[in-house]
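Now for the letters of each chain:
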Amino acid sequence: MLTPPSAVARRASDTLRRAVATQPVSSAGSLLGEATKRRRVGSGGGSLPPSRSCCARGLGSVAREFLAARGGTTRSLRVGFAAIVVAQPHIGLAHGVGALESVMAAYGLGLGLVDAGCNMQAVAIEHHYGRPLMSTFHGAWTRGGVLGTLIALATHRWGFASPPRCS
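These numbers come from a predicted model, not from an experiment.

1. Section: the overall build of the chain
For step 1, the next point in the chain: When you go through the chain residue by residue, the secondary structure sums to 4 helices and 0 strands.
For step 2, the next point in the chain: Considering only residue pairs separated by 6 or more positions, the chain has 80% of its internal contacts joining residues 24 or more positions apart.
For step 3, the next point in the chain: Counting only carbon and sulfur atoms, one obtains 66% of the accessible surface of the chain, whose full area is about 9,400 Å².

2. A look at the pattern of salt bridges
For step 1, the next point in the chain: As enumerated under the stated definition, the model contains 1 salt bridge in all.
For step 2, the next point in the chain: Notably, a salt bridge pairs D14 with R17, separated by 2.6 Å at the nearest N-O pair. Taken together, the residues span about one helical turn, with D14 and R17 both in helix α1 (residues 7-41) at a distance of 3 residues.
For step 3, the next point in the chain: Taking relative accessible area as the criterion, R17 reaches 22% and is therefore assigned partly exposed.

3. Topic: the confidence of the model for the chain
For step 1, the next point in the chain: For the chain, the mean per-residue pLDDT works out to 75, and 75% of the residues sit at or above 70.
For step 2, the next point in the chain: Model confidence for the chain, summarised as mean pLDDT per element, is weakest for α1 at 75 and strongest for helix α4 (residues 134-157) at 84.
For step 3, the next point in the chain: In this model, residues 162-167 is a region of pLDDT below 50 whose contacts with residues beyond four sequence positions or in other chains number 18 contacts.

4. Brief notes about the side chain of S13
For step 1, the next point in the chain: Its place among the elements puts S13 in helix α1.
For step 2, the next point in the chain: For S13, a relative accessible area of 1% corresponds to the buried category.
For step 3, the next point in the chain: Look past the residues within four positions of S13 in its chain and what remains in contact with it is I125, Y129 and F137.

5. Here we look at the side chain of E126
For step 1, the next point in the chain: Note that E126 resides in helix α3 (residues 97-129).
For step 2, the next point in the chain: Put simply, E126 is tucked away with no salt bridge, and the nearest opposite charge, on R131, sits 9.0 Å away.
For step 3, the next point in the chain: Among the polar contacts made by the side chain of E126, one reaches the main-chain amide nitrogen of M134 at a distance of 3.0 Å.
For step 4, the next point in the chain: Not counting the four nearest positions on each side in its chain, E126 is found in contact with R131, P132, L133 and M134.

About the criteria used
Residues numbered from 1 in each chain as written. Predicted model: local features only at pLDDT ≥ 70, side-chain atom pairs only at ≥ 80, totals over all residues. Heavy atoms only, no water. Helix = DSSP H or I, 4+ residues; strand = E, 2+ residues; numbered from the N terminus. Contact = heavy atoms within 4.5 Å. Areas by Shrake-Rupley, 256 points an atom, 1.4 Å probe, with all protein chains shown as cover. Salt bridge = Lys/Arg side-chain N within 4 Å of Asp/Glu carboxyl O. Buried < 20%, exposed > 50% of the residue type's maximum accessible area, 1.4 Å probe, protein only. pLDDT = per-residue confidence, 0-100. Lys, Arg positive; Asp, Glu negative; His and termini not counted. Polar contact = N/O pair within 3.5 Å; in protein donor to acceptor, adjacent residues only side chain to side chain.

Right under this line is the structure:
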């Protein structure tokens, strides 16, 4: 028979599920904000080139390895969340394409750090529980994605952001 998880493990699991769910909510708003901002600054005549945030997200996953080796996954999560919190509001404040690309790169780097760090934490919690839990974290990510999509659709109707156009 499995021993029940400790209160600390349950709290860690609940906290991580919430952290995982914030990623797609944040991404939906940022990508719509980026699309709107690109049209306002005149980038590409309405069509969107590949964002630097996608490339930087991969670098964030690699940087997480570097930070985790020197300070554990907690440090990489803190750095990643700080980068997201600082970069996300600046997406709408960026003046010019270069500034927008820089902000999106910082945002993507933070998102990569958080994504990889959350996966490492999920594996550690799963080992502590002694049974598979990864599907619960994936479910939290999916719920966050649905919520992010609904928020993006609502804000689009209010004129805060407009979806990217493919041409």
